Amino acid sequence: MAKVLCVLYPDPVSGYPPHYVRDDVPVITTYDNGQTAPAPKAALGFKPGELVGSVSGELGLRSYLEGLGHELIVTSDKDGPDSEFEKHLPDAEVVISQPFWPAYLTRERIARARKLKLALTAGIGSDHVDLEAAARAHITVAEVTGSNSISVAEHVILTMLALVRNYLPSHDVAVDGGWNIADCVSRSYDMEGMQFGTIGAGRIGLAVLRRLKPFGLQLHYTQRHRLSADIEQELGLTFHPDAASLVGTQDFVSLQIPLYPSTMHFFDDKMLARMKRGAYLINTARAELVDRDAVVRAVKSGHIAAYGGDVWFPEPAPPAHPWRTMPFNGMTPHISGTSLSAQARYAAGTLEILESYFDGTPIREEYLIVDGGGLAGTGARSYKLM
Ligand code: NDP
């Protein structure tokens, strides 16, 4: 029987379960690209809309796994040599982790995980796993592709509006009993008519473009493969051959590409210097796509108006991380892809992947990142090992 080691973020400080403000979440069965939402055969061990991403929620997996005689260990203690994660890793056949509270599967940890066969990301983005080491060890890496793409796209729009309208400081003025409108609006603009460029127009990037169209922005994108002429025409998109040629004219730049060795620190001092003065940089993809301190310099100097998003390195971010106190930041903890709505889909997808694994049937191709000793499925399209 298998040991399944599941790393989830801690429960609410106010206790588990939380008080739910709504009684249901809409049921989404198909995504924009026609892909169907997860459809496991086994009954879900939770009601959609419940908090299953924290330790006590267990992604609703306990009854399914224990029903098959497997052992489920759930912990949030993931970092350092004395962590619960390290203790159980050598015996684990399956590791489940969420990008919001990643159990980093480094080369060294993979070397110690001698029984590990499946590293499952409950969410999207498997860069917390050393994919090259996983491929060499013939570990399958899978994620629940598509499960939270719209959740993230909505967070991008939220962040853009919050930054351009100076929403967060203005809200503080209201809460603090003030009424100084001049202070609030001296950094407040409309998005209408502005230029928006996305680096990457995949599931999230394209969903952001579609949602921005009715706001009346001029839309731009770059990625290695051009979108179809139909989509370009429908959204009035301008294609740029690379990021360097896109950023100089944009009022907003949004990063929507995966992190792999050659995209690490893509936005460094040089790329940031190319950006238009007063532009907003949004990053909900991965923190290490940008040089942390170069972003601080660009914001503090006033070259970029603000930086916002929800991804940090490492996660959880240390208390002294400079983005916490940097001026004009619209940062949140890593929450965009783990709304209660998203959790329902990626927990169901986790169950679907586990069913395939334990039944010995193929895992959906779109869920695969690494399989059979190399990149596979979505991984082969989205990642590069170098
Ligand atoms: P997709 O794979 O659908 O899209 C990524 C796009 O990036 C592709 O269209 C690809 O196009 C493009 N791309 C890849 N490499 C480059 C490059 N070097 N230069 C320019 N474009 C590039 O991924 P998703 O949209 O689903 O997700 C994107 C990322 O968002 C994930 O990898 C993950 O890190 C992050 N994410 C964050 C979440 C959160 O909670 N904050 C939740 C979910 C995802 P092409 O191959 O043509 O270049």
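The model shown is predicted, which means the values in this text are computed figures rather than measured ones.

1. Let's talk about the overall build of the chain
In step 1: Counting its regular elements, the chain contains 15 helices and 14 strands.
In step 2: The globule rule puts the C-alpha radius of gyration for 386 residues at 21 Å, and the 21 Å found for the chain is close to it.
In step 3: Taking the principal axes of the C-alpha coordinates as reference, the chain spans close to 65 × 50 × 40 Å.
In step 4: Looking at the chain residue by residue over its 386 residues, the buried ones come to 53%.

2. Focus: the side chain of Q35
In step 1: For Q35, the location among the structural elements is in the loop between strand 1 (3-7) and helix 1 (62-67).
In step 2: Q35 gets classed as buried once you look at its relative accessible area, which sits at 9%.
In step 3: A polar atom in the side chain of Q35 sits 2.9 Å from the backbone oxygen of T145.
In step 4: Aside from chain neighbours lying at most four places away, what touches Q35 is T29, T30, T145, R364, E366 and Y367.

3. Details of the site of the ligand
In step 1: Neighbouring the ligand are 26 residues; Q223, R224, H225, Y260 and T284 lie closest to it.
In step 2: Between the ligand and G337, the relevant distance is 3.1 Å, taken from an oxygen atom to a main-chain nitrogen or oxygen of the residue.
In step 3: Relative to its unbound accessible surface of 920 Å², the ligand loses 91% to contact with the protein.
In step 4: Looking at side-chain class alone, the shell around the ligand contains 10 nonpolar, 12 polar and 4 charged residues.

4. Some words on the pairing of strand 1
In step 1: Among the 5 residues of strand 1, 5 are classified as buried, and the element is accordingly described as predominantly covered.
In step 2: As paired elements, strand 1 and strand 2 (residues 71-75) share 5 bridges and run parallel to each other. Along strand 2, the bridge assignment pairs V4 with L72.
In step 3: Running through helix 1, the crossover from strand 1 to the neighbouring parallel element strand 2 is right-handed.

5. Side note on the sheet that holds strand 3 (residues 94-97)
Each strand in a sheet pairs with another by means of backbone hydrogen bonds, the pair being arranged parallel or else antiparallel.
In step 1: Reading across from one edge, 2-1-3-4-5-13-14 is the order of the 7 strands in this open sheet, with mixed pairing throughout. Single-partner strands in this sheet number two, and they are strand 2 and strand 14 (374-375).
In step 2: Across the sheet, helix 14 (residues 340-359) lies against strand 1, strand 3, strand 4 (118-121) and strand 5 (140-143), angled at about 165° from strand 4, the strand it touches most.

6. Digging into the environment of P318
In step 1: Mapped onto the secondary structure, P318 falls in the loop between strand 11 (304-309) and helix 13 (322-325).
In step 2: Of the residues examined, P318 reaches a relative accessible area of 36% and is grouped as partly exposed.
In step 3: When the C-alpha atoms of P318 and S336 are compared, they prove to be 19 Å apart, with 18 residues separating the residues in sequence.

7. Here we look at a nonpolar patch on the surface
In step 1: A grouping of W179, I181 and V185 is seen on the molecular surface, where their side chains present a nonpolar patch of about 390 Å² in accessible area.
In step 2: Here W179 is to be found in the loop between helix 6 (167-175) and helix 7 (181-185).
In step 3: A relative accessible area of 74% places W179 in the exposed class.

8. Quick word on the sheet that holds strand 6 (residues 195-199)
In step 1: Strand order in the open sheet formed by 7 strands is 8-7-6-9-10-11-12, with parallel pairing between adjacent strands. Since the sheet does not close on itself, it has two edges, and those belong to strand 8 (238-239) and strand 12 (329-331), each with one partner.
In step 2: Here 5 bridges tie strand 10 (residues 279-283) to strand 11, and the two strands are oriented parallel to one another. By the bridge assignment for strand 11, A279 is matched with I304.

9. Topic: the nonpolar core
In step 1: The biggest cluster of nonpolar side chains holds 57 residues, and the ones touching the most others in it are L59, I96, L105 and L354.
In step 2: Residue contributions to this core peak at 7 residues, all from helix 14.
In step 3: Those residues in contact with L105 that sit more than four places away from it in its chain are F85, L89, V95, I110, L116, A119, H128, V129 and D130.
In step 4: Formed by 30 residues, the second largest nonpolar core is a distinct cluster that contains I199, L246, I257 and L259.

10. Here's the deal with the packing of helix 5 (residues 149-164) against helix 8 (residues 203-212)
Between two packed helices, what matters for the description is the angle formed by their axes and the separation of those axes.
In step 1: Between helix 5 and helix 8, the least distance of the axes is 8 Å, while the angle of their chain directions is 50°. Classed by the angle they form, the pair helix 5 and helix 8 counts as oblique. Taken as a pair, helix 5 and helix 8 cross one another with a handedness that is right-handed. Residue-level inspection shows S149, I150, V152, A153, V156, I157 and M160 of helix 5 in contact with helix 8, the latter providing R203, I204, A207, V208, R211 and L212.
In step 2: The residue inventory of the contact of helix 5 with helix 8, partitioned by class, reads 10 nonpolar, 1 polar and 2 charged.

11. Quick look at the UniProt feature "domain: D-isomer specific 2-hydroxyacid dehydrogenase NAD-binding" (unreviewed entry) in the chain
In step 1: UniProt annotation of "domain: D-isomer specific 2-hydroxyacid dehydrogenase NAD-binding" (unreviewed entry) refers to residues 159-336 when read in the numbering used here.
In step 2: The span residues 159-336 shows a helical share of 34% and a strand share of 17%, and its end C-alpha atoms are spaced 10 Å apart.

12. A look at helix 8
In step 1: With 7 of 10 residues buried, helix 8 is to be regarded as a mostly interior element.
In step 2: Buried residues of helix 8: I204, G205, L206, A207, V208, L209 and L212, and no others.
In step 3: Those residues of helix 8 hidden inside the fold are in contact with helix 5, strand 6, strand 7 (218-222) and helix 9 (229-235).

Cut-offs applied
Residues numbered from 1 in each chain as written. Predicted model: local features only at pLDDT ≥ 70, side-chain atom pairs only at ≥ 80, totals over all residues. Heavy atoms only, no water. Helix = DSSP H or I, 4+ residues; strand = E, 2+ residues; numbered from the N terminus. Rg over C-alpha atoms; globule rule 2.2 N^0.38 Å. Buried < 20%, exposed > 50% of the residue type's maximum accessible area, 1.4 Å probe, protein only. Polar contact = N/O pair within 3.5 Å; in protein donor to acceptor, adjacent residues only side chain to side chain. Contact = heavy atoms within 4.5 Å. Near = heavy atom within 4 Å. Areas by Shrake-Rupley, 256 points an atom, 1.4 Å probe, with all protein chains shown as cover. Nonpolar A, V, L, I, M, F, W, Y, C, P; charged D, E, K, R; others polar. Pairing = 2+ DSSP bridges. Right-handed = clockwise from strand over helix to strand, strands pointing away. Axes fitted to C-alpha atoms, helices over the stretch in contact; angles between N-to-C directions. Patch = residues over 30% accessible without salt bridge, like charges linked within 9 Å, V, L, I, M, F, W, Y side chains within 5 Å. Salt bridge = Lys/Arg side-chain N within 4 Å of Asp/Glu carboxyl O. Core = buried A, V, L, I, M, F, W, Y, C linked by side-chain atoms within 4.5 Å. Parallel < 35°, antiparallel > 145°, perpendicular 65-115°, else oblique. Left-handed = near helix turned anticlockwise from the far one by under 90°. UniProt positions renumbered as here; feature names shortened; annotations may be inferred.

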